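What follows is each chain in one-letter form.
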Amino acid sequence: MRIVVAGSHGLVGQALLPVLRDGGHDVVRLVRRPADEPDEASWDPGLGRLDPAVLVGADAVVDLAGSALGLGRERRREIVASRVRTAGLLARTVAEMDDGPSVMLQASATGAYGDRGDDLLTEDEPYGDTFLAQVVSRWEQAAQPAAQSGCRLVLLRTGIVLSPAGGALARLLPMIRMGLGAKIGSGRQFWPWITLADEVRAIEHLLRADVSGPVNLVAMATRNAELMSTLSAHLRRRTVLRVPAPPVRAVLGDLSSELLGSTRADPAALRAASFRFSHPDATAAARWVRACLRNPHYGA
């Protein structure tokens, strides 16, 4: 397949590209600067610039782009705008082509569901009412022109991606090593997670699977205290101190719901598509993280 990838410099993108190439796929990276490599093509989502010729002959487009989460009103606006601009530009370009890509995999997040307690959440659940649920709603709507044109659109609702190379776990590891973070808040909230290795495998699987619409890219959802305890045990650290909810809310504001809220997302669509996880539970994931820390090339 010829695959055009946006957001190739992020945690998932950097891991995905070598897997696609090793699988025999021809990959073109969209970059926000003048292209200077044979596998690059320039675009500018901020100005709405994407030459449709970049997508001519492509079988699929994978959009992993989006500004990282941050603080402040201006930062919140950028979180929304960066996702809506990139998804919308790609989807509209695909929709306007007579013979464009037949598949679009669009990054999204389990934040779509908001704080839902112990409810088991499959892809049929409605959007929640948190800040990030509103972000995801606009993000996913921006990609709809692709689906309306007949392109198979898959919304990659990803949970916490476990990898020592980046993302949430990389920020949590120093806390674990210092004995902190036995619980964040009550510790009873469900955290939906997937290892980076399985995230990449799932994306590759969905390029060919007969699936469309939202897909929960999570192996399972584990209560915060249990996940932290399992990671700590396999990293041979004893976490004894918890992080109370009030300082988390004070520091993160709207974004605190992603740590303190409970999202028990279930990978129903992936199961139906016959995907098998390499790391289906917290113990398997913790062992993989430990192996990556011992040998950084292990998870590559």
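Residues numbered from 1 in each chain as written. Predicted model: local features only at pLDDT ≥ 70, side-chain atom pairs only at ≥ 80, totals over all residues. Heavy atoms only, no water.

### Remarks on the pairing of strand S11 (residues 213-217)
So the rule is basically this: Throughout, exposure labels follow a simple rule: accessible area from a 1.4 Å probe, protein chains only, divided by the maximum for the residue type, with under 20% read as buried, over 50% as exposed, and the rest as partly exposed. Segments assigned H or I by DSSP are reported as helices when at least four residues long, segments assigned E as strands when at least two residues long, and all are numbered from the N terminus. Only strands joined by at least two bridges in the DSSP assignment are considered to pair.
Within S11, four of the five residues are buried, leaving the element largely enclosed by the surrounding structure. Judged from the five bridges that link them, strand S7 (residues 152-158) and S11 form a sheet pairing that is parallel. Bridging across to S11, arginine 157 finds its partner in asparagine 216.

### Here we look at the pattern of salt bridges
Worth spelling out the cut-off: Criterion for a salt bridge: a side-chain nitrogen of Lys or Arg within 4 Å of a carboxyl oxygen of Asp or Glu.
Following the criterion strictly, the structure yields 11 salt bridges and no others. For the salt bridge of aspartate 198 with arginine 201, the shortest nitrogen-to-oxygen distance reads 2.8 Å. Within this pair, aspartate 198 and its partner arginine 201 are both found in helix H6 (residues 196-206), separated by three residues, close to a single helical turn. Overall, the relative accessible area of 0% leaves aspartate 198 in the buried class. With relative accessibility at 33%, the residue arginine 201 sits in the partly exposed group. Ionic contacts of the salt-bridge type, sharing partners, join the residues Arg21, Arg29, Arg33, Asp36, Asp39 and Glu40 into one network.

### A look at the packing of helix H7 (residues 224-234) against helix H11 (residues 282-294)
Which entries qualify depends on this criterion: Inter-axis angles, ranging from 0 to 180 degrees, are taken between N-to-C directions of lines fitted to C-alpha atoms, where helices are fitted over the stretch in contact. Convention used here: angles under 35 degrees read as roughly parallel, angles over 145 as roughly antiparallel, angles from 65 to 115 as roughly perpendicular, and any remaining angle as oblique. Should the near helix be turned anticlockwise from the far one by less than a right angle, the crossing is left-handed, and should it be turned clockwise, the crossing is right-handed. Contacts were defined at the residue level, with two residues in contact if any of their heavy atoms lie within 4.5 Å. Think of it as three bins: nonpolar holds Ala, Val, Leu, Ile, Met, Phe, Trp, Tyr, Cys and Pro, charged holds Asp, Glu, Lys and Arg, and polar takes everything else, Gly as well.
Direction vectors running N to C along H7 and H11 enclose 40°, while the axes themselves pass 9 Å from each other. The orientation of H7 with respect to H11, classified from their angle, is oblique. Here H7 runs over H11; the crossing is right-handed. Listed contacts from H11 to Leu227, Thr230, Leu231 and His234 of H7 are Ala282, Thr283, Ala286, Arg287 and Arg290. Here the residues of the contact of H7 with H11 sort into four nonpolar, three polar and two charged.

### Focus: the sheet that holds strand S10 (residues 190-195)
In spatial order, the strands read S8-S10-S12; together these three strands make up an open sheet with mixed pairing. In the strand order of this sheet, the two ends are held by strand S8 (160-162) and strand S12 (220-223), each with one partner. Between one strand and the next, the sheet's axes are offset by a mean angle of 45°, whatever the strand orientation. Bridge count between S10 and S12: four bridges; the pairing is antiparallel. Residue tryptophan 193 lies in a different strand from S12, and its bridge partner there is methionine 220.

### Some words on the side chain of threonine 110
Looking at where threonine 110 falls in the secondary structure, it is placed in the loop between strand S5 (103-109) and strand S6 (120-121). In this structure threonine 110 touches Arg157, Thr158, Gly159, Pro192, Val218, Thr263 and Ala265, once residues within four positions along its chain are discounted.

### Considerations on the packing of helix H5 (residues 167-177) against H7
H7 packs onto H5 with a crossing angle of 70° between their chain directions and a minimal axis gap of 11 Å. By the criterion of interaxial angle, the relationship of H5 to H7 is roughly perpendicular. At the point where H5 passes H7, the crossing takes the right-handed sense. Only Met228, Leu231 and Ser232 of H7 make contact with H5, whose side of the interface consists of Leu169, Leu172 and Ile176. When the residues that make up the contact of H5 with H7 are grouped by side-chain class, the tally is five nonpolar, one polar and no charged.

### A look at the nonpolar core
Test applied: Residues grouped as a nonpolar core are buried Ala, Val, Leu, Ile, Met, Phe, Trp, Tyr and Cys residues, joined through side-chain atoms within 4.5 Å.
Core analysis: the largest hydrophobic core is formed by 61 residues, its most contacted members being Val62, Leu105, Ile203, Leu206 and Leu217. Top contributing element to this core by residue count: H11, with six residues. Beyond its immediate chain neighbours, meaning those up to four positions away, leucine 105 contacts Val61, Val62, Asp63, Val154, Leu156, Ile203, Leu206 and Leu207.

### Overview of the sheet that holds S11
Pairing in this open sheet of seven strands is parallel, and the strands run S3-S2-S1-S4-S5-S7-S11 from one edge to the other. Bordering the open sheet on either side are strand S3 (40-42) and S11, each of which pairs with just one other strand. Across the sheet, the axes of successive neighbouring strands diverge by a mean angle of 25°, strand direction being ignored. Note that strand S2 (residues 26-31) and S3 share three bridges and pair parallel. Residue pairing for S3: leucine 30 is matched across the bridge by alanine 41. Against the sheet, helix H1 (residues 11-22) contacts strand S1 (2-6), S2 and strand S4 (60-63), and its axis sits at roughly 155° relative to S2. Most of the contacts of helix H3 (residues 131-142) go to S5, to which it runs at about 170°, and overall it touches S5 and S7.

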